[in-house]
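Listed here are the chains, written in short residue letters.
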Amino acid sequence: MNELLLFMLGIAGVFSVPCSGALLFLGNLIDRYPTEYEEKRTRSLSSPIESTRISVIVFWVLFLFGTWAVLQEDRLLLIVGITTIFAICLFMFTAIAFSFAVLCALRRKHEAVLTLEREVAIETARVRLETISGVKVPSPVVPVAQPVRRIPSSAIETLLRQY
């Protein structure tokens, strides 16, 4: 029984090291992401990189506590240790998924700002060309995308739509 627990602790530790590195890297990326139109960020404990560092430190402290608890002979401490390690590993995976989601949201926001800047630049150039040349320049009209109607993929969806 002890050999199996030690093996599982080793595997959890081996997977936790690259996950910690990935989480720190994602926190650094989020902290340095371009923020042209935002106010100056304050670098405090609530900034992404600092809060990520704190969470990784808390993770490893709890991992070491869980490892110590698993190595004890008391059944209650064994259960506490296994539960702690399982919970913090789930925390690590959730934090990585959340960091990816935040990074994707920042990227989408940045792309929307760039698209808006591009449209404003085109419109400004069009108006300036009209005032200089006196010729009416048509505005490039982007067609509104119509949603594609999805064909039901199963008989159940067809029946549900009928009622």
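No experiment lies behind these values; they were computed from the predicted model shown.

Reading guide: rules and limits
- Here the residue numbers are simple positions, counted from 1 along each chain's written sequence.
- Selection of residues for local features in this predicted model requires a pLDDT of at least 70, selection of side-chain atom pairs for listing and counting requires 80 or more, and totals for whole chains, interfaces and linings are taken over all residues.
- No hydrogens and no water enter the side-chain calculation; it runs on all heavy atoms of the structure.
- Helix and strand assignments come from DSSP, with helices taken as H or I runs of at least 4 residues and strands as E runs of at least 2, each series counted from the N terminus.
- Burial classes follow relative accessibility: with a 1.4 Å probe on protein chains only, a residue under 20% of its type's maximum area counts as buried, one over 50% as exposed, and anything between as partly exposed.
- Contacts: residue pairs with any heavy atoms within 4.5 Å of one another.
- Residue exposure ignores everything except the shown protein chains as possible cover, and the areas themselves are Shrake-Rupley values with a 1.4 Å probe.
- Side-chain rings of Phe, Tyr and Trp, where Trp is taken by its six-membered ring, are said to pair if the distance between their centres is within 6.5 Å; with planes under 30 degrees apart they count as stacked, over 60 as edge-to-face, and otherwise as tilted.
- Polar contact is the term for a pair of N or O atoms within 3.5 Å; when the atoms are in protein, one must be able to donate a hydrogen and the other to accept it, and sequence-neighboring residues count only if both atoms are side-chain atoms.

### As for the overall build of the protein chain
The secondary structure content of the protein chain amounts to four helices and zero strands. Secondary structure of the protein chain in N-to-C order comes out as α-α-α-α. Taking all 163 residues of the protein chain together, 23% fall into the buried category. For the protein chain, long-range pairs separated by at least 24 residues make up 57% of all intrachain contacts whose partners lie at least 6 apart in sequence. As displayed, the protein chain offers around 12500 Å² of accessible surface, 70% of which is attributable to carbon and sulfur atoms.

### Quick look at the packing of aromatic side chains
In this structure the tally under the stated criterion is four aromatic pairs. Each ring, one from Phe59 and one from Trp60, has its centre 5.2 Å from the other, and the planes form 85°; the classification is edge-to-face. A relative accessible area of 25% places Trp60 in the partly exposed class. Relative to Phe63, the ring of Trp60 lies with its centre 5.2 Å away and its plane at 70°, an arrangement referred to as edge-to-face. Taken together, the positions of Trp60 and Phe63, both in helix H2 (residues 48-70) and three residues apart, correspond to about one turn of that helix. Through a chain of ring-to-ring contacts, the aromatic side chains of Phe59, Trp60 and Phe63 assemble into a single cluster.

### Overview of the side chain of Thr84
For Thr84, the position within the fold is in helix H3 (residues 75-133). Side-chain polar atoms of Thr84 contact the backbone oxygen of Val80, separated by 2.7 Å. Residue contacts for Thr84: discarding those within four places in its chain leaves Leu62, Phe65 and Gly66.

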